[in-house]
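# Overview (structure and organization)
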Amino acid sequence: MSIRHALLALLAEGPKYGLQLREEFESRTGEVWPLNVGQVYTTLQRLERDGLVESDGEPEGPQKSFRLTEGGAGELAEWLRTPPDLAAPPRDELVIKVLVAVRLPGVDVHEVIQAHRRYLVELMQQWTRLKDDEAEFDLSLALVVDAELFRLDSVIRWLDAADGRIRRAPAEAPPGKPAVALRRRIGVRR
Amino acid sequence: MSVLELRAVSKVYGEGATEVVALHEVDLAVGPGQMVAVMGPSGSGKSSLLTIAGSLEAPTSGEVLIGGGRLAEMSRDELARLRRRSVGYVFQDFNLLPGLTAVENVSLPLELDGLSARRARAAGLTALERLDLADRAGHFPDQLSGGERQRVAIARAVVGDRRLLLADEPTGALDSATGEAVMRLIRQACKQGVAAVVVTHDAQSASWADRVIFLRDGRITDGTSPPPGPESLLAPGSGR
């Protein structure tokens, strides 16, 4: 999420001061995304320049209040419905490490996979512990933690699938240029 | 003292050409209040580990101790009593008896152990209440949702004074929200001192454990370190 759109969303509830925006931003993102006040004011200046917010004309400082313009409301509505770019080319660092390990002589790819699997499970344990320790229910935090757990879980599932696929694969793969073929097949941008 | 201890436990099925080594010199100790998750691909020995830990099967070699007692030195009757009194099982398909109500399912092991029907029922109701199921006590399993059935199974596993909970894919048949609720209940049982071993292929379920061990071809090949506090997740650039 961009800070820009997060601020527009907060201002959609009514006029607010800069410091107030920072506090609300942090609490609504489950406090996993710290923001400094400088970032808030710089972003607000740009939003004002672009006509998406307007201020009450007070000089720069804590007394200056901002509100959403009609253009800002339109921009926010459009952003909410615009899908993020998930069609990025497969250049995930972990995928590349496994692709390298599977071809590298003297390297046990399953051991490489297990090292990553263990690390990811440890990370998931920490997120789950956060959920477990949370005495009061905090919807934002729960949503953020779930998102991380599902994301890490999907990486582990891929590692499990890769582990099995590599075990089943014939010892010597036929020569070829799979990367080129893949690029052509899925139309990845260079 | 560990609630459960496996010392160099091996399990071999068949012999000669058909010999299959399901477990190879597995060492494992689970203390009171501790939850250990066992992950591994199918055929890695996860289920054998659980049936041997629960004394449903004897190891080919090595020792199993529950509450400090060596299973190999116990008579058949002593083993049966141990299973009724100290060990609770939770399965993927719940394994509730269809002809008994929720509270009858939960109190059955206590009754089999010689407790009066009235006392067993009272203990069963307490266990159901703790899992927020008091209003389902008189329902039969087919009148309960999957999540409720699994909660009844957990109540049955911890009823009375059971100290060891063994779970085989407890969230396997449940959606993610219900699965999380079930893992929270197992965690809650551990907070009250129960030792738990949870076999799962699901990382989200495993992440509730204090320690996750990885099994492959019957051997423990790896395990997680005790997790640092969650504050480390919020440090800038952590873990990336």
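Preceding block: the structure.
Please read all numbers here as calculations on a predicted model, not as lab measurements.

### Overview of the overall build of chain A
Across its full length, chain A holds eight helices and three strands. The helix and strand sequence of chain A, counted from the amino end, reads α-β-α-α-β-β-α-α-α-α-α. Looking at chain A as a whole, 19% of its 190 residues qualify as buried. Contacts in chain A between residues at least 24 apart in sequence constitute 53% of all its contacts with a sequence separation of at least 6.

### Quick look at helix 1 (residues 3-11) of chain A
Those residues of helix 1 of chain A that fall on the buried side of the exposure criterion are Ala6(A), Leu7(A), Leu8(A) and Leu11(A). Summarising the contacts, the buried residues of helix 1 of chain A are in contact with strand 1 (16-17), helix 2 (18-28), helix 3 (37-49), strand 2 (53-55), strand 3 (65-68) and helix 4 (70-81) of chain A.

### Description of the sheet that holds strand 9 (residues 211-216) of chain B
All names here are of chain B. Taken in spatial order, the six strands make up an open sheet running 6-7-8-3-9-10, and their pairing is mixed. With partners counted over all chains shown, the strands left at the sheet margins are strand 6 (87-91) and strand 10 (219-223), one partner each. For this sheet, the mean inter-axis angle between neighbouring strands, taken without regard to orientation, is 20°. Bridging between strand 7 (residues 164-168) and strand 8 (residues 195-199) involves five bridges; their strand directions are parallel. Opposite Ala167, over in strand 8, you have Val198 as the bridge partner.

### As for the sheet that holds strand 2 of chain A
Residue and element names in this part refer to chain A. Taken in spatial order, the three strands line up as 1-3-2 in an open sheet, and their pairing is antiparallel. Two strands in the sheet have a free side with no partner beyond their single neighbour: strand 1 and strand 2. Direction of pairing for strand 1 relative to strand 3: antiparallel, over a ladder of two bridges. The residue bridging Tyr17 from the neighbouring strand is Ser65, located in strand 3. Across the face of the sheet, helix 3 comes into contact with strand 2 and strand 3 while running at roughly 105° to strand 2.

### Some remarks on the packing of helix 5 (residues 146-158) of chain B against helix 6 (residues 176-191) of chain B
All names here are of chain B. The interhelical angle for the contact between helix 5 and helix 6, taken along N-to-C directions, is 15°, at an axis separation of 10 Å. With respect to helix 6, the element helix 5 is oriented roughly parallel. At the point where helix 5 passes helix 6, the crossing takes the right-handed sense. Touching Gly146, Gly147, Gln150, Arg151, Ile154 and Val158 of helix 5 are Thr178, Ala181, Val182, Leu185, Ile186 and Ala189, all from helix 6. Taken together, the residues of the contact of helix 5 with helix 6 sort by class into seven nonpolar, four polar and one charged.

Calculation notes
Residues numbered from 1 in each chain as written. Chains lettered and ligands numbered in written order. Predicted model: local features only at pLDDT ≥ 70, side-chain atom pairs only at ≥ 80, totals over all residues. Helix = DSSP H or I, 4+ residues; strand = E, 2+ residues; numbered from the N terminus. Buried ≥ 20, exposed ≤ 12 C-beta atoms within 10 Å, placed from the backbone. Contact = placed C-beta atoms within 7 Å. Pairing = 2+ DSSP bridges. Axes fitted to C-alpha atoms, helices over the stretch in contact; angles between N-to-C directions. Parallel < 35°, antiparallel > 145°, perpendicular 65-115°, else oblique. Left-handed = near helix turned anticlockwise from the far one by under 90°. Nonpolar A, V, L, I, M, F, W, Y, C, P; charged D, E, K, R; others polar.

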